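Below are the chains, spelled out letter by letter.
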Amino acid sequence: LHQKWKKIGPITKNERENIWKEFQKYTYKIHNKRNKFFLNKKKIERRNLDKKNLICKEIRLLVSNDQSDHLSWQNITDKISSLTDEWKRIAPINKNDLKVAWSNLRESKKTVYSERNQFFRKKKQNLKNNLNIKIRICEKAEKLSNSNEWNKTSKILIDLKKEWLNSPFVPNKLSITYWKRFKAASNIFFRERQKYYTKLKKQDKNNIKQNILNRDI
């Protein structure tokens, strides 16, 4: 506007002064409104940036409690998704703050996901260890399946069954194969033991009959 003012041809001195004062009055109002607009815009951007930073802090605090199961981590994951959507809806912020704001969000989520991944790695390892306990019990039973130390082995197999039942939890879909193997090995032994004692009992009866016959002769 000032450049256009300067390019306009000359007018009388009195008119020039009056018009100049009028021009200054309106340009002052324009500049004043402009300054207020940008100051307000700056405040809004600053407030929005603070809101984004608070959401990032809230995300990081999601792991401040003890998450001991899959459901709690699923709830946290859903919460992060919701907070991320909320973070994205907050606008505008100063373009110079965008890079740092996005970095803050990524690092906040990375902190939580790192904890989550560590939890599931540990859970997977514990599950593997617990399954190995059951596998070892199964293998012990299989080694004893052909034993003919009837009393000793019977007690061991009974103890192994108790050990299995008291061993750490493993989902049935993973442990069922080894439980069937354990039962199969136990059944082999106890079947053979039953045959042995049935045969022994029959022999005892035959011996008694033979003794009676011998006495009658």
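Note that the structure is predicted; figures quoted are calculated from it, not measured.

**With respect to the overall build of the protein chain**
So, point 1. Assigned secondary structure in the protein chain consists of six helices and zero strands.
So, point 2. Counting all 217 residues of the protein chain, 22% fall into the buried class.
So, point 3. Contacts in the protein chain between residues at least 24 apart in sequence constitute 73% of all its contacts with a sequence separation of at least 6.
So, point 4. Entry remark: accessible area of the protein chain is about 17,100 Å², with carbon and sulfur atoms responsible for 53%.

**Points about unusual backbone geometry**
So, point 1. A cis amide bond, omega 0°, links Ala 91 with the succeeding residue Pro 92.
So, point 2. Looking at the element boundaries, Pro 92 is found in the loop between α3 (70-89) and α4 (98-144).

**Some words on the confidence of the model for the protein chain**
So, point 1. The predicted model of the protein chain averages 89 in pLDDT, with 88% of residues at 70 or higher.
So, point 2. Confidence, read as mean pLDDT per element, is least for helix α1 (residues 2-7) in the protein chain (61) and greatest for helix α5 (residues 150-166) (97).

**Topic: the nonpolar core**
So, point 1. Counting 16 residues, the largest nonpolar core has Ile 55, Ile 59, Ile 76, Ile 80, Trp 87 and Val 112 as the members making the most contacts within it.
So, point 2. Looking at this core, the elements that each hand over two or more residues are α2 (13-60), α3 and α4.
So, point 3. The leading source of residues in this core is α3, at five residues.
So, point 4. Those residues in contact with Val 112 that lie beyond four places of it in its chain are Ile 59, Arg 60, Val 63, Trp 73, Ile 76 and Ile 80.
So, point 5. Counting residues in hydrophobic clusters, the runner-up holds 15 residues, among them Ile 135, Trp 150, Trp 164 and Ala 185.

**Quick notes on the packing of aromatic side chains**
So, point 1. Counting across every chain of the model gives 11 aromatic pairs.
So, point 2. Aromatic pair Phe 37 and Phe 38: ring centres 5.1 Å apart, planes at 80°, arrangement edge-to-face.
So, point 3. You can call Phe 38 partly exposed: its relative accessible area is 42%.
So, point 4. Ring centres 6.0 Å apart and planes at 25° place the aromatic pair Trp 164 and Phe 182 in the stacked group. Remark: Phe 182 occurs in helix α6 (residues 172-216) and Trp 164 occurs in helix α5; sequence separation between them is 18 residues.
So, point 5. You can call Trp 164 buried: its relative accessible area is 7%.
So, point 6. Ring pairs connect the aromatic residues Trp 150, Phe 189, Phe 190, Tyr 196 and Tyr 197, which therefore count as one cluster.
So, point 7. Above the ring of Trp 87, the side-chain terminus of Lys 52 is found at 3.5 Å from the ring centroid.

**What about the side chain of Thr 153?**
So, point 1. Inspection of the secondary structure assignment puts Thr 153 in helix α5.
So, point 2. When residues no more than four places from it in sequence are discounted, the contact partners of Thr 153 are Leu 144, Ser 147 and Phe 189.

**Examining the packing of α3 against α4**
So, point 1. Where α3 contacts α4, the axes come no closer than 11 Å and their chain directions differ by 170°. Between α3 and α4, the angle is such that the two are roughly antiparallel. On α4, the residues touching His 70, Trp 73, Ile 76, Thr 77, Ile 80, Thr 84, Trp 87 and Lys 88 of α3 are Ala 101, Trp 102, Leu 105, Lys 109, Val 112, Tyr 113, Glu 115, Arg 116, Phe 119, Phe 120 and Lys 123.
So, point 2. When its residues are assigned to classes, the contact of α3 with α4 shows 11 nonpolar, three polar and five charged.

**Looking at the environment of Lys 180**
So, point 1. Assignment of secondary structure puts Lys 180 in helix α6.
So, point 2. Sequence-wise, Lys 180 and Cys 138 are 42 residues apart; in three dimensions their C-alpha atoms are separated by 8.9 Å.

**Topic: the packing of α4 against α5**
When two helices pack together, their arrangement is given by the angle between the helix axes and by the axis-to-axis distance.
So, point 1. Direction vectors running N to C along α4 and α5 enclose 165°, while the axes themselves pass 10 Å from each other. Between α4 and α5, the angle falls in the class roughly antiparallel. You can see that α4 and α5 cross each other, and the crossing is left-handed. Only Thr 153, Ile 156, Leu 157, Leu 160, Glu 163 and Trp 164 of α5 make contact with α4, whose side of the interface consists of Lys 134, Ile 137, Lys 140, Ala 141 and Leu 144.
So, point 2. Residues that form the contact of α4 with α5 fall into these classes: seven nonpolar, one polar and three charged.

Calculation notes
Residues numbered from 1 in each chain as written. Predicted model: local features only at pLDDT ≥ 70, side-chain atom pairs only at ≥ 80, totals over all residues. Heavy atoms only, no water. Helix = DSSP H or I, 4+ residues; strand = E, 2+ residues; numbered from the N terminus. Buried < 20%, exposed > 50% of the residue type's maximum accessible area, 1.4 Å probe, protein only. Contact = heavy atoms within 4.5 Å. Areas by Shrake-Rupley, 256 points an atom, 1.4 Å probe, with all protein chains shown as cover. pLDDT = per-residue confidence, 0-100. Core = buried A, V, L, I, M, F, W, Y, C linked by side-chain atoms within 4.5 Å. Phe/Tyr/Trp six-rings, centres within 6.5 Å; stacked < 30°, edge-to-face > 60°. Lys NZ or Arg CZ within 6 Å of the ring centre and 35° of its normal. Axes fitted to C-alpha atoms, helices over the stretch in contact; angles between N-to-C directions. Parallel < 35°, antiparallel > 145°, perpendicular 65-115°, else oblique. Nonpolar A, V, L, I, M, F, W, Y, C, P; charged D, E, K, R; others polar. Left-handed = near helix turned anticlockwise from the far one by under 90°.

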